[in-house]
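Fold and contact review
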Amino acid sequence: MPIQVPICTVGSLCRRVCRLIRRERDFTNLLNARGDVLRIRFTTEDGNVIDYMVQYEAFIDGEYRPIVRSDSGHERPHLDVLDWNGKTTEKRWTAEGTTNNQALTDAIGDIEANWERYLDGFLRRRP
Amino acid sequence: MTDYTSGLSAAERAQTSKNLRLASQFIREFLAAPERFDVLPENATIVLLPSDVDPDTELTLANMEVAKQIERQGKKAILWAVGMPERPGPQVLVRFPVFREGQPAASYDRQKDLLTIEFSQTDRPTMVVQHHPYVTVIVDRETHLAVALAIPNFLTVVAPKSLPLFDVLLLPSTERVGITLNELVSLRNNLAHGDDRPAREQMTVPEILTELARLAA
């Protein structure tokens, strides 16, 4: 039975306990010999994802260019398709009630299914 | 790394698609059993490999090339096979154990909390393969043969789970850096909760692998 500890509010004991079970992880998955990557950053607490960021980046002209990013956000998880300046050209919200665990796996699944469209669109918008 | 003026080749598109599929599987496995991934360092750069259960030789070789490319740039990439069933240790890769004084050649660094068990002495470039919850395999980049097992977080995570494996630290042939034999004996007896059994005089490679397999189970 996992220990149920509320998100830290105040109190040194609470902070100590939560630090023990809260974990930040940060991975960069290499995708091809060009150097394209999928960056995954998330924090888990008691096995649950409390925030996350997934970003597909293409290595273009010697720089990593973010093509699409999904994160847990302030309100609810969403996915942003980006342009060359990093500005959002398309935003998609996840269904209400989606957990961050599900949103994180869905986001990677979405990138897996649509990365070619995102990349081709990004290249077409090249200034 | 090349530019994008000519777009991605069909092979690169296939590799990218397959690797994103592996990434999807990787994160599902992580969320299902995060403790298995404790051995991965923070900010790790990972090259994913398909599992032996569902092999894809073309992708494996292409991804190994990506790992080599990263190494040539002076960076470290960790090879991680996804979709691997729990299995008893990485001994399939072990060929020629190295012995010192008739015992497995092991060394322990207290500061890094890292136990290394060598199977081959080589100066050739190596890379790290993670196939096991507690153990990383150091592999010759060219021949893909295992040259050593490395067990990070040894005293903090692994040794408390296995006194026989702890006793590798006490073997006369084990090189100890940053910690004395007396300190280890004291730690060992604390872990044994007062059961100060004498350390084993011999710990063979098969015994070590069996113990690792038991840990992984």
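Keep in mind that this is a model prediction, so the values were computed, not measured.

Right, let's talk about the confidence of the model for chain B for a bit. Residues and elements named next belong to chain B. Considering every residue of chain B, the mean pLDDT works out to 76; 73% of them sit at 70 or more. Ranking the elements of chain B by mean pLDDT puts strand β3 (residues 99-100) last, at 52, and helix α1 (residues 10-32) first, at 93. The ipTM, which scores confidence in the relative placement of chains, is 0.84 for this predicted complex, and the corresponding pTM is 0.61.

Moving on to the packing of aromatic side chains. Scanning the model with the defined rule gives 9 aromatic pairs over all chains in all. Between the aromatic rings of phenylalanine 27 of chain A and phenylalanine 30 of chain B, the centroid separation amounts to 5.8 Å while the plane-to-plane angle is 65 degrees, which identifies the pairing as edge-to-face. Of this pair, phenylalanine 27 of chain A sits in strand β1 (residues 22-30) while phenylalanine 30 of chain B sits in helix α1, each in a different chain. Of the two residues examined, phenylalanine 27 of chain A and phenylalanine 30 of chain B, each falls in the buried class. Where phenylalanine 59 of chain A meets tyrosine 64 of chain A, the ring centres are 4.7 Å apart and the plane angle is 65 degrees; that geometry is what we call edge-to-face. Assessed through its relative accessible area of 16%, phenylalanine 59 of chain A is described here as buried. With relative accessibility at 32%, the residue tyrosine 64 of chain A sits in the partly exposed group. One aromatic cluster is present, built from ring pairs that chain together Phe27 and Phe42 of chain A together with Phe26, Phe30 and Trp80 of chain B. Taking the ring centre of tyrosine 64 of chain A as reference, the NZ or CZ of arginine 39 of chain A above it sits at 5.0 Å.

Here we take up the pattern of salt bridges. Following the criterion strictly, the structure yields 15 salt bridges over all chains and no others. Close ionic contact of glutamate 12 of chain B with arginine 34 of chain A constitutes a salt bridge, the shortest N to O distance being 3.0 Å. Residue glutamate 12 of chain B is found in helix α1, and its partner arginine 34 of chain A is found in the loop between β1 and β2 (37-45); the two belong to separate chains. Each member of the pair, glutamate 12 of chain B as well as arginine 34 of chain A, carries the same accessibility label: buried. Between arginine 13 of chain B and glutamate 116 of chain A there is a salt bridge; the shortest N-O distance is 2.6 Å. Taken together, the positions of arginine 13 of chain B in helix α1 and glutamate 116 of chain A in helix α2 (residues 100-124) put the pair across two chains. For arginine 13 of chain B, a relative accessible area of 21% translates into the label partly exposed. We classify glutamate 116 of chain A as partly exposed; its relative accessible area is 32%. Among the charged side chains, a network of salt bridges with common partners joins Glu90, Arg92 and Asp110 of chain A.

Residues and elements named next belong to chain B. The pairing of strand β5 (residues 106-109) with strand β6 (residues 114-118) spans 4 bridges and is classified as antiparallel. Looking at the pairing, serine 107 lines up with threonine 116 of β6. In this structure, β6 lies alongside strand β9 (residues 146-151), joined through 4 bridges in antiparallel fashion. Considered in β9, the bridge of glutamate 118 is made with alanine 148.

All right, on to the interface of chain A and chain B then. In this complex, chain A contributes 34 residues to the contact, which on the side of chain B involves 37 residues. Together chain A and chain B conceal approximately 3,300 Å² of surface at their shared face, both sides included; 58% is due to carbon and sulfur atoms. Inspection of the region where chain A meets chain B yields 4 salt bridges. Here chain A and chain B share 13 residue pairs in polar contact (both at pLDDT 80 or more) between them. Among the secondary structure elements, those contributing two or more residues to the side of chain A that touches chain B are β1, β2, β3 (48-60) and α2 of chain A.

Parameters and conventions
- Starting from 1, residues in each chain are numbered consecutively following that chain's sequence as written.
- Following the order in which they are written, the chains are lettered starting with A and the ligands numbered starting with 1.
- With the structure being a predicted model, the display of local features is reserved for residues of pLDDT at least 70 and the display and counting of side-chain atom pairs for 80 or more, all residues being used for whole-chain, interface and lining totals.
- Heavy atoms throughout the structure, all of them, feed into the side-chain values; hydrogens and water do not.
- For every residue, the predictor reports its confidence as pLDDT, a number between 0 and 100.
- Helix and strand definitions here come from DSSP, where helices need a minimum of 4 consecutive H or I residues and strands a minimum of 2 consecutive E residues; each element is numbered from the N-terminal end.
- Paired rings are identified among Phe, Tyr and Trp, the last through its six-membered ring, by centres lying within 6.5 Å, and are further divided according to the angle between planes into stacked (under 30 degrees), edge-to-face (over 60) and tilted (the rest).
- For each residue, the accessible area found with a 1.4 Å probe, counting protein chains only, is set against the maximum for its type, and the residue is called buried under 20%, exposed over 50%, and partly exposed in between.
- Placement of a positive charge over a ring is assigned whenever Lys NZ or Arg CZ falls within 6 Å of the ring centre and within 35 degrees of the normal to the ring plane.
- By convention in these notes, a salt bridge is any Lys or Arg side-chain nitrogen within 4 Å of a carboxyl oxygen on Asp or Glu.
- Pairing between strands is defined by DSSP: at least two bridges between the two strands are required.
- When checking whether two residues touch, look at their non-hydrogen atoms; a contact exists if any pair is within 4.5 Å.
- Accessible area that two parts lose when put together, evaluated with a 1.4 Å probe and summed over both, is termed the buried area.
- Polar contact is the term for a pair of N or O atoms within 3.5 Å; when the atoms are in protein, one must be able to donate a hydrogen and the other to accept it, and sequence-neighboring residues count only if both atoms are side-chain atoms.

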